[in-house]
Amino acid sequence: MTESVPSDAASQRAVPARDFDGLYKALLEAHPHDALHLLCGARLDGQAVVLDGPTEQPRQRSRQRDKVFLVRHSSGTPADIYHVEVQVQRTDDFQERMVAYWAALALKYRRADHRIHQVVLWPLGGGYPGRFRRDRVQLDYRSVNVPDDLDPGTLLASPLAPLALWSQKPPHDLVERVADRIAATGALEEQLVQIELGMLVGGSLAVQVLEALRRRGMNDVLEQTESGREIARRNREQGLEQGLEQGLEQGLEQGLEQGHIDGMRALLRARYGDLADLDDLARQLAERDHDGNIARIVAGATLAELRS
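Residues numbered from 1 in each chain as written. Predicted model: local features only at pLDDT ≥ 70, side-chain atom pairs only at ≥ 80, totals over all residues. Heavy atoms only, no water.

So what's going on with the nonpolar core? Residues and values would help.
Ranked by internal contacts, the top residues of the largest apolar core, which has 49 residues, are Leu39, Leu163 and Leu197. The residues touching leucine 197, leaving out its near neighbours within four places in the chain, are Phe20, Leu23, Tyr24, Leu27, Pro162, Leu163 and Trp166. If you look at the next biggest cluster of nonpolar residues, it comprises 15 residues, including Ile261, Ala282, Ile297 and Ala301. (Core = buried A, V, L, I, M, F, W, Y, C linked by side-chain atoms within 4.5 Å. Buried < 20%, exposed > 50% of the residue type's maximum accessible area, 1.4 Å probe, protein only. Contact = heavy atoms within 4.5 Å.)

Tell me about the confidence of the model for the chain, and name the residues and values.
Reading fine detail from the predicted coordinates is not recommended where pLDDT is low. Here the chain shows a mean pLDDT of 82. Residues at 70 or above account for 79%. Long-range and interchain partners of residues 1-18, a stretch whose pLDDT sits below 50, account for 30 contacts in this model, where long-range means more than four residues apart. Low pLDDT, under 50, characterises residues 58-62; the predicted model gives this stretch 1 contact beyond four residues in sequence or across chains. (pLDDT = per-residue confidence, 0-100.)

Give a detailed account of the pattern of salt bridges, specifying residues and quantitative values.
The final tally for this structure, using the stated rule, is 18 salt bridges. A salt bridge links aspartate 140 to arginine 131; its shortest N-O distance comes to 3.0 Å. Assessed through its relative accessible area of 41%, aspartate 140 is described here as partly exposed. For arginine 216, the salt bridge goes to glutamate 176, with nearest N and O atoms at 2.7 Å. Taken as a pair, arginine 216 in the loop between α9 (203-215) and α10 (219-222) and glutamate 176 in helix α7 (residues 174-184) lie far apart in primary sequence, 40 residues in all. Relative accessible area serves as the criterion here: at 27%, arginine 216 is assigned to the partly exposed category. Residues joined by salt bridges that share partners form a network here, namely Glu176, Asp180, Arg215 and Arg216. (Salt bridge = Lys/Arg side-chain N within 4 Å of Asp/Glu carboxyl O. Helix = DSSP H or I, 4+ residues; strand = E, 2+ residues; numbered from the N terminus.)

Residues and numbers for the packing of aromatic side chains, please.
If you walk through the whole model with that rule in mind, you get 5 aromatic pairs. Centroid distance phenylalanine 94 to tryptophan 122: 5.4 Å. Interplanar angle 65 degrees. Geometry classified as edge-to-face. Placement of phenylalanine 94 in helix α4 (residues 94-108) and of tryptophan 122 in strand β6 (residues 114-122) is noted, with a sequence separation of 28 residues between them. Residue tryptophan 122 is classed as buried on the basis of its relative accessible area, which comes to 0%. Ring plane angle 75 degrees and centroid distance 5.9 Å describe the contact between tryptophan 122 and tyrosine 128, whose orientation is recorded as edge-to-face. (Phe/Tyr/Trp six-rings, centres within 6.5 Å; stacked < 30°, edge-to-face > 60°.)

So what about the side chain of threonine 185? Which residues, and what values?
Mapped onto the secondary structure, threonine 185 falls in the loop between α7 and α8 (188-199). Residue class for threonine 185 comes out buried when judged on its relative accessible area of 13%.

Please give an account of the pairing of strand β5 (residues 79-86) that cites residues and values.
Counting buried positions over the 8 residues of β5 gives 8, a clear majority of the element. Here β5 shows no split at all, with Ala79, Ile81, His83 and Glu85 on one side and Asp80, Tyr82, Val84 and Val86 on the other all buried. In this sheet, β5 lies alongside strand β4 (residues 67-72) in antiparallel orientation, the contact comprising 5 bridges. Bridge pairing in β5 links lysine 67 to valine 84. Remark: 6 residues form the turn of the hairpin made by β4 and β5, two consecutive strands paired antiparallel; glycine 76 in that turn has positive phi of roughly 85 degrees. (Pairing = 2+ DSSP bridges.)

Explain the packing of helix α2 (residues 20-30) against α8 residue by residue, including any values.
One way to put it is that α2 packs onto α8 with a least axis distance of 10 Å and a crossing angle of 140 degrees. The orientation of α2 relative to α8 falls into the category oblique. You can see that α2 and α8 cross each other, and the crossing is left-handed. Each of Phe20, Leu23, Tyr24, Ala26, Leu27 and Ala30 in α2 lies in contact with α8, whose residues at this interface are Glu190, Val193, Gln194, Glu196 and Leu197. Each residue belonging to the contact of α2 with α8 can be placed in one class, and the counts come to 8 nonpolar, 1 polar and 2 charged. (Axes fitted to C-alpha atoms, helices over the stretch in contact; angles between N-to-C directions. Parallel < 35°, antiparallel > 145°, perpendicular 65-115°, else oblique. Left-handed = near helix turned anticlockwise from the far one by under 90°. Nonpolar A, V, L, I, M, F, W, Y, C, P; charged D, E, K, R; others polar.)

So what about α9? Which residues, and what values?
Spanning 13 residues, α9 covers 19 Å between terminal C-alpha atoms, matching the ideal 18 Å at 1.5 Å per step. Where α9 ends, the next residue or the one after it, glycine 217, has phi of about 70 degrees, a positive value. (Expected span 1.5 Å × (residues − 1).)

Describe the side chain of serine 158, with residues and values.
The residue serine 158 is located in the loop between α6 (152-156) and α7 in this model. Engagement of the side chain of serine 158 in a polar contact is seen with the backbone oxygen of leucine 155, the distance being 2.8 Å. Beyond its immediate sequence surroundings of up to four residues, serine 158 is in contact with Asp34, Leu38 and Arg181. (Polar contact = N/O pair within 3.5 Å; in protein donor to acceptor, adjacent residues only side chain to side chain.)

Outline unusual backbone geometry, listing residues and values.
Working note: non-glycine residues mostly have negative phi, and peptide bonds are mostly trans. Backbone geometry at aspartate 135 places phi at a positive 50 degrees, although glycine is not the residue there. The residue aspartate 135 is located in the loop between β7 (131-134) and β8 (137-140) in this model. The class for aspartate 135 is exposed, based on a relative accessible area of 77%.

Here it is, written out as structure tokens:
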């Protein structure tokens, strides 16, 4: 069975956008067994109890471990402590901090009853090899370069599917399978985390994921993510520019009135897709109040409002 001690971060609905640390930690908290097995190499039986461990170091409140899991086994064997760090890029003091983290855990958990495992996740790859040497100090930890070290097929079959978007060897149906996993997730909070994490991949791949989720009728969920709102705003602005540009070109050739209609049609298509009454609606809006209706579309008016 799984027991979870909720943290303040997990109870917050708003997930910081463009934040690998926060999104990874939220994903780990939502799916500890999958995370420990797939990311940390842990072998868990059905009787293992996974608890949130302390992340704050004594007297160093500004320096916290990203995530700690305490795994207790029914067999009575020593409990496993999994310390997980999410690190986007190398820093000069990172490995020294890993030593400090290990030392703090070693002081808290007795050797006879606990085994400490440290895992560093590098979302963009390029991490340290997982072995630190300095003077007579030696520390080995598990270093996971997400794009290179994780099997995308295994990730796609789990709630951690968005991580496969960074894979160096993705399957041909990567985007559709990621979207399927997100759509199949039951809890809204988890969907928001998965979507925000998927948007971090950026570029055309993020847009493809967004469109795949829209095809699955998830517009209402996308509207609650900062990334979804940002991309929608950009698309509206781009649609407006394209519509005005096309309208100007057509107007020079066929007259201002027809140019306004064509521009309105292009903007409607960019914002709402191919409508059955697209031509009629474009003509009505252009003739009724061209500039005012363009402003209403950009502001997010519904089709019902435009048709009224």
